[in-house]
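An overview of the molecular structure
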Amino acid sequence: MVKKSWGFATLAVHGSGGHDPQTGAISVPIYQSSTFAFKNSQHGTDLFSGKAEGYIYSRISNPTQAALEREMAFLEEGDEAIAFGSGMAAISTCIFTLCRSGENFVSSRTIYGGTHALYIKVMPRLNIGVTEVDATDLNKVEDAINDKTRFLFIETPANPTIEIIDIRGCAEIAHRKGIKLVVDNTFATPYYQKPLTMGADVVVHSATKYIGGHGDTVAGINIGFKELMTEMRKQNLQDLGGIISPFNAWLLLRGLKTLPVRMDRHSENGMRVAQFLAFHPKIERVWYPGLRIHPQHELAKSQMTNFGGMIAFEIKGGIEEGKRVMDNVELCTLAVSLGDCDTLIVHPASTTHSSYSPEEMLANGIKPNLIRLSVGIEDVTDIIEDLSQALKHI
Ligand code: LCS
């Protein structure tokens with residue numbers, strides 16, 4: 001029996017619901033089954049009508065997926081969670097649950113490039129409007145909302161600039177205007193930030209990142225309160241079909257057991273690497289919410305309990321200097337994605353955020369000389385040593 005009063009680390013280990021009742025297995029079994037037998041034809045009818053509870057078909061739900069969802073609901077302090085095959089499936093299903101053709105939503109403008117691509121490529125075809133605003137200015141957020149706006153979407157800390165958005169401030173505006181607030185909590189994880197406790201209605205995750213934590217799974221999770229999550233599952237998950245596989249759900253359950261331990265190390269290493277970069281003569285500027293020089297350090301402290309492993313930094317010079325650093329790292333891996341045990345380094349403007357126009361990039365702080373670093377859990381002295389030798393090449 002899981003106790004809601006348990007601490008985060010205890011819930012991360014035990015929150016899926018305990019040992020398998022049939023076998024005593026302490027690891028949740030991988031129910032690798034697409035379909036589930038009905039006891040008789042009436043049972044099938046009752047499951048379909050909702051009179052009986054149980055499993056029907058793994059596009060709707062599956063016991064391994066359900067264990068992951070129970071655990072994530074505990075960790076984010078929501079009623080229910082739904083796990084998806086990717087973060088993008090989680091985000092698109094959330095949008096389709098909240099918004100219909102002819103309506104619109106407002107989003108912070110600095111977000112993962114794939115989310116921005118979904119806005120500009122798919123939403124116009126469905127006649128769903130998107131207004132992207134500088135959400136660090138709450139007046140701009142409020143001004144963008146009209147009577148057809150259904151929700152506000154923010155990503156904080158933001159990918160790739162590590163900008164911080166005021167969750168409580170956005171929740172106050174959203175609820176005053178009668179709309180929902182959705183927060184992408186991928187960078188912080190529930191260990192450091194719990195948007196549902198600050199007024200958000202839905203939390204979305206690319207679970208590919210810190211939740212999985214090992215760079216071996218693509219997945220997404222949405223967490224929220226009963227009514228909306230039931231609608232999301234019944235109306236949208238089932239129809240759009242972006243479900244997680246049982247094996248990937250199991251990998252996330254395994255990853256979650258060590259989430260607090262990994263995050264502590266990511267933060268410790270993140271702070272040390274950020275401090276190193278902040279004093280480096282070849283670096284123009286460092287963005288890490290744990291540093292006092294971050295313009296939103298106080299806001300970050302008010303809504304996060306620690307700052308994780310995501311850093312952005314601007315190299316003196318331009319893109320050529322940046323490329324030279326990235327081409328000369330030896331321990332750090334030049335790759336997209338983030339939140340893995342391995343330190344990853346990437347140039348957002350030419351990769352993860354290339355869906356933005358050059359003008360949008362500049363307006364959103366995605367400068368040509370900006371490099372994003374996902375600090376891993378290796379020995380921090382080795383990470384710093386590697387960056388130090390790579391920086392000598394410029
Ligand atoms: N939200 C955030 C904040 C992300 O960083 C990503 C992926 C997604 C959602 C989408 O999740 P996915 O479907 O990939 O699981 N971010 C990536 C990045 O920065 N590099 O590669 C993927």
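Just above sits the structure.
For the structure given in this document, a descriptive report is provided here. (Residues numbered from 1 in each chain as written. Predicted model: local features only at pLDDT ≥ 70, side-chain atom pairs only at ≥ 80, totals over all residues. Heavy atoms only, no water.)

1. Observations concerning unusual backbone geometry
The phi torsion of most residues other than glycine is negative, and most of the peptide bonds are trans. This is how it is decided: Numbering of helices and strands starts at the N terminus; helices are DSSP runs of H or I of at least 4 residues and strands are runs of E of at least 2. Each residue gets one of three labels from its accessible area relative to the maximum for its type: buried under 20%, exposed over 50%, partly exposed in between, using a 1.4 Å probe on protein chains only.
Note the cis peptide between Thr156 and Pro157, where omega equals -10°. Within the secondary structure layout, Pro157 lies in the loop between strand S4 (149-155) and helix H7 (167-176). With an omega dihedral of 5°, the bond running from Asn159 to Pro160 counts as a cis peptide bond. Following the sequence through the fold, Pro160 ends up in the loop between S4 and H7. Despite not being glycine, Glu77 has its phi angle at roughly 60°, a positive value. In this structure Glu77 comes out as partly exposed when scored by relative accessible area, which is 45%. Backbone geometry at Thr189 places phi at a positive 65°, although glycine is not the residue there. With respect to the secondary-structure elements, Thr189 resides in helix H8 (residues 189-192).

2. Some words on the layout of surface pockets
Quick note on the threshold: Only protein atoms enter the calculation, which uses a 1 Å grid: trapped sets of points that fit a 1.4 Å probe without letting it out are cavities, open sets showing protein on both sides within 12 Å along at least five of seven lines are pockets, and any residue with an atom within 4 Å of a point is a lining residue. Grid points are joined across faces, edges and corners, and a volume is the space filled by probe spheres set on the points.
A volume near 920 Å³ is recorded for the largest pocket. In terms of lining, the largest pocket is formed by 25 residues, of which the most central are Glu53, Gly54, Ser61, Arg233 and Lys234. Among the elements of the structure, helix H2 (41-49), helix H3 (63-76), strand S1 (80-84) and helix H9 (226-240) are those that each provide at least two residues to the lining of the largest pocket. The volume enclosed by the second largest pocket comes to roughly 330 Å³.

3. Here we look at helix H13 (residues 319-328)
The condition that has to hold: As used here, the arc belongs to the directions running from the helix axis to the C-beta atoms. Contact between two residues is taken to exist if any of their heavy atoms lie within 4.5 Å; hydrogens are not considered.
Along H13, the residues that are buried comprise Gly322, Val325 and Met326. Buried residues along H13 cover an arc of 95° about the axis, so they all sit on one side. The secondary structure elements touched by the buried residues of H13 are strand S9 (310-315), strand S10 (333-334), strand S11 (344-346), strand S12 (370-374) and helix H15 (380-391).

4. Re the packing of H3 against helix H10 (residues 246-257)
For clarity, the cut-off: Simply put, an axis is a line fit to the C-alpha atoms, just over the touching stretch for a helix, and the angle between two N-to-C directions goes from 0 to 180 degrees. Definitions for this section: a left-handed crossing has its near helix turned counterclockwise from the far helix by less than a right angle. A right-handed crossing has that turn clockwise. Note that Gly is not counted as nonpolar here; it falls among the polar residues with everything else outside the nonpolar set of Ala, Val, Leu, Ile, Met, Phe, Trp, Tyr, Cys and Pro and the charged set of Asp, Glu, Lys and Arg.
Where H3 meets H10, the closest approach of the two axes is 8 Å, and the angle between their N-to-C directions is 35°. The chirality of how H3 crosses H10 is left-handed. Where H3 abuts H10, its residues Thr64, Gln65, Ala67, Leu68, Glu71, Met72 and Leu75 lie against Pro246, Ala249, Trp250, Leu252, Leu253 and Leu256. Taken together, the residues that form the contact of H3 with H10 break down as 10 nonpolar, 2 polar and 1 charged.

5. Digging into the site of the ligand
The cut-off we apply is this: Consider each residue's heavy atoms; a residue with any of them within 4 Å of a molecule or strand counts as near. Polar contact is the term for a pair of N or O atoms within 3.5 Å; when the atoms are in protein, one must be able to donate a hydrogen and the other to accept it, and sequence-neighboring residues count only if both atoms are side-chain atoms. Per-residue and other accessible areas follow the Shrake-Rupley method at a 1.4 Å probe size, with only the shown protein chains counted as cover for residues. Here the bounds of each domain stem from an automatic or database domain assignment.
Near the ligand, the surroundings consist of 18 residues, among which Met88, Asp184, Ser206, Thr208 and Arg372 are the closest. Contacts to the ligand include Asn159, whose side-chain N or O atom sits 3.0 Å from an oxygen atom. Residue Ser337 places a main-chain N or O atom 3.0 Å away from a nitrogen atom belonging to the ligand. When the ligand sits alone it has 480 Å² of accessible area, and the protein chains cover 92% of it. The two domains that each donate at least three residues to the shell around the ligand are domain 1 (8-255) and domain 2 (259-391).

6. Observations concerning the packing of aromatic side chains
We count it as follows: Only Phe, Tyr and Trp rings are paired, with Trp represented by its six-membered ring, and only when their centres lie within 6.5 Å; those with planes under 30 degrees apart are stacked, over 60 edge-to-face, the remainder tilted.
Counted under the stated rule, the structure contains 8 aromatic pairs. Arranged with centres 4.9 Å apart and planes meeting at 35°, the rings of Tyr191 and Tyr192 form a pair that is tilted. Seen in terms of ring centroids, Tyr288 and Phe307 are 6.4 Å apart; in terms of plane orientation they differ by 75°. Their pairing is edge-to-face. Separated by 19 residues along the polypeptide, Tyr288 in the loop between strand S8 (283-287) and helix H12 (297-303) and Phe307 in the loop between H12 and S9 bring together distant segments of the chain. Here the aromatic cluster, defined as three or more aromatic residues joined through ring pairs, consists of Phe105, Tyr119, Phe151 and Phe153.

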